[in-house]
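Architecture and fold: a report
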Amino acid sequence: MNYNSYETGYNTSYGAGGGTGGGGFVPGEGSQQSPGGRRDYSKDNLRPVTVKQIKEAQVDSGDVFKIDNAVVSQITFVGQICNISAQATHTTYKLDDGTGSVEVKQYIDSDAVDQPNPNKAKLVEGAYCRAWGKLNHWNDRRYVASQIIRPIEDMNEVSYHLLEATAIHLYFTRPAPGAANAGAAATNGGAGQQQAAGGGNHGDYDLRTCSPMAKKVFQQLREMPQTNEGIHQQVIAAQLKMDMSDIAAAGVELQDSGLIYTTVDDQTWAILEPEH
Amino acid sequence: MDHPQTPRILATHLSNFQHRIVRVLGKVVQLRGETAVIDAGGNIDVLLNRDSHLAVGHAVEIIGKVDQKLQIKVQAATDFGTNIDFNAANAVVEATHRYKEIFYDGE
């Protein structure tokens, strides 16, 4: 499941030279870089779990953990503090949620020592708290490296968390009720893709409302090698062996649909990266 | 595993958890000095320890051992206040036993 991606912000940057000259809106270099260069944040997730699930998480490779066969990056859970031990660099809380107990280490941010954390006073033995963090292991001991631990104010959160953890566990282990439905409704892009089966693959772009001509132009624009500046409509016309006026009409249609945009001049187009 | 698992149960599960340590969230019905009655899907007699401070009408979470008479000998008690949604809490108990793979190890 793709919970979210934080990538959209990296895809565009504003042209530096365009101060008065009509504003260059140029896709940034970032989006052109080869994949693999940066971490794939789109796979990051935050999963509610029970301590038993933490204890039984499989080590996939290195420090990658899997729960219910799904990679977990961050976890959150609720537990009762049964022991606190403060060290110079970190505080270790032992949390018990009834399904087991696990150590949670919160490293002390030396930049923030001046501002005492008001939460900390409430984190006492016997109190319930919620922790967020990353599952780790060291010398065969599992612990959670936590950024945030906060006391629980409303005890219903304990029930809430355990039910949420159950729901997510079931999500990963059982076929969803009405799985066929869920699949169909999963993404709009999915529908677009199916529909595009006849005329090539349009990926995440929704071309359902476009004319056949516009689809053809879009497909051509997508497949041709190009720079940030996109492609001039004459080049597209030559490639497709179509009339310039047809290409221009298709271009207007695609611009109106928000699928392409003009770059250096009105006749040069590039594909607008979809937001996920 | 220094801390034992404490499965969440209701009154109806007591007989299945004899001699085990359990966790019960219930409402305090009656205080009788050394003992108390809490309602968790039915009344449960609990044998208090010196540190337990129960208040009638409050929700309380008890960790303790189920004895032969299906009473719970308290090891720890946490006050959960007066604003507890017992439907949610009971749903947790149901989930605990139905999907116990993420809650506790079987016998």
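As the structure is a computational prediction, the values presented were derived from the model and not from experiment. (Residues numbered from 1 in each chain as written. Chains lettered and ligands numbered in written order. Predicted model: local features only at pLDDT ≥ 70, side-chain atom pairs only at ≥ 80, totals over all residues. Heavy atoms only, no water.)

1. Notes on the packing of aromatic side chains
Convention followed: A pair of aromatic rings is counted whenever rings of Phe, Tyr or Trp (Trp by its six-membered ring) have centres within 6.5 Å, and the orientation is called stacked for planes under 30 degrees apart, edge-to-face for over 60 and tilted otherwise. A simple rule labels every residue: compare its accessible area, found with a 1.4 Å probe on the protein chains alone, to the largest value its type can have, and call it buried under 20%, exposed over 50%, or partly exposed in between. Only runs of H or I of at least four residues qualify as helices and only runs of E of at least two qualify as strands under DSSP, and these elements are numbered from the N terminus. The criterion is that NZ of a Lys, or CZ of an Arg, lies within 6 Å of the ring centre and within 35 degrees of the ring normal, and then a charge sits over that ring.
All chains considered together, the criterion is met by three aromatic pairs over all chains. Note on Tyr171 of chain A and Phe172 of chain A: the rings are 5.1 Å apart at their centroids and 90° apart in plane angle, and the pair reads as edge-to-face. When its relative accessible area of 43% is taken as the criterion, Tyr171 of chain A is described as partly exposed. A centroid spacing of 6.0 Å and a plane angle of 65° characterise the contact between Phe17 of chain B and Tyr104 of chain B, whose relative ring orientation is edge-to-face. Of this pair, Phe17 of chain B sits in the segment before strand E1 (21–32) while Tyr104 of chain B sits in the segment after helix H1 (86–98), and the two are 87 residues apart along the sequence. The ring of Tyr143 of chain A has Lys105 of chain A lying over it, and the distance from NZ or CZ to the ring centre is 5.4 Å.

2. Points about the sheet that holds strand E5 (residues 64–67) of chain A
Sheets are built from strands that pair by backbone hydrogen bonding, the pairs being arranged parallel or antiparallel. Residues and elements named next belong to chain A. Short version of the rule: By definition, two strands form a pair when at least two bridges between them are found by DSSP. For every element, the axis is a line fit to its C-alpha atoms; helices are fit only across the contacting stretch, and the angle between N-to-C directions ranges from 0 to 180 degrees.
Across the sheet, which stays open at both edges, the three strands sit in the order E4-E5-E6 with antiparallel pairing between neighbours. The sheet is open, and its two borders are formed by strand E4 (58–61) and strand E6 (70–72), each paired with just one other strand. Within this sheet the neighbouring strands show an average axis-to-axis angle of 50°, counted without direction. As judged from the three bridges shared by E5 and E6, these two strands associate in the antiparallel manner. Opposite Ile67, over in E6, you have Ala70 as the bridge partner.

3. Structural notes on the confidence of the model for chain A
Applied cut-off: Confidence of the predictor at the level of single residues is captured by pLDDT, which takes values from 0 to 100. Note on contacts: a residue pair qualifies if any of its non-hydrogen atoms lie within 4.5 Å across the two residues.
When pLDDT is averaged across chain A, the result is 78; 72% of the residues are at 70 or more. Scored below 50 in pLDDT, residues 4–24 of chain A shows 23 contacts in the model against residues more than four places distant or in partner chains.

4. Regarding helix H2 (residues 156–173) of chain A
To be explicit about the condition: Each residue after the first adds 1.5 Å to the expected span of a helix.
Between its first and last C-alpha atoms H2 of chain A spans 26 Å; for 18 residues at 1.5 Å apiece the expected length is 26 Å, and the two agree. Those residues of H2 of chain A that sit buried are Asn156, Glu157, Val158, Ser159, His161, Leu162, Ala165, Thr166, Ile168, His169 and Leu170 of chain A. Buried residues along H2 of chain A sit against strand E3 (46–48), helix H1 (51–56), strand E7 (74–86), strand E10 (128–138) and strand E11 (141–151) of chain A together with H1 of chain B.

5. Thoughts on the sheet that holds strand E13 (residues 260–262) of chain A
Residues and elements named next belong to chain A. Here we have three strands laid out as an open sheet, ordered E12-E14-E13, and antiparallel in their pairing. Whereas interior strands pair on both sides, the edge strands pair on one side only; in this sheet they are strand E12 (231–232) and E13. For E12 and strand E14 (residues 268–271), the ladder comprises two bridges, and the chain directions are antiparallel. In the strand pairing of E14, Ile231 is matched with Trp269.

6. A short note on the pattern of salt bridges
Applied cut-off: Salt bridges are defined by distance alone: a side-chain nitrogen of Lys or Arg within 4 Å of a carboxyl oxygen of Asp or Glu.
Within the structure shown, the criterion is met by 13 salt bridges over all chains. Across the pair Asp45 of chain B and Arg32 of chain B runs a salt bridge whose closest N-O atoms are separated by 3.5 Å. With Asp45 of chain B in strand E3 (residues 43–47) and Arg32 of chain B in strand E1, this pair connects stretches of sequence that are 13 residues apart. In the salt-bridge network here, residues are joined through shared partners; they are Asp96 of chain A together with Arg8, Arg23 and Glu61 of chain B.

7. Thoughts on the interface of chain B and chain A
This is how the line gets drawn: Throughout, buried area stands for the accessible area (probe radius 1.4 Å) lost by two parts on being put together, summed over both.
Counting residues at the interface gives 28 residues for chain B and 28 residues for chain A. Between chain B and chain A, a total of about 2,200 Å² is buried, with carbon and sulfur atoms accounting for 55% of that surface. Considering only the side of chain B, the residues that lose the most area to chain A are His3, Ile102 and Phe103 of chain B, jointly responsible for 27% of the buried surface there. In this structure, the connection of chain B to chain A is made through three salt bridges.

8. Observations concerning the confidence of the model for chain B
Here chain B shows a mean pLDDT of 94. Residues at 70 or above account for 97%. The ipTM for the predicted assembly is 0.95, set against a pTM of 0.64.

9. Overview of the pairing of strand E5 (residues 72–81) of chain B
Residue and element names in this part refer to chain B. In this sheet, E5 lies alongside E3 in parallel orientation, the contact comprising two bridges. Looking at E5, one finds that Val46 is bridged to Ile72. One ladder, built from eight bridges, connects strand E4 (residues 59–66) with E5; its direction is antiparallel. Directly across from Ala59, in E5, lies its bridge partner Gly81. Two successive antiparallel strands, E4 and E5, enclose a turn made up of five residues, where Leu70 displays a positive phi of approximately 60°.

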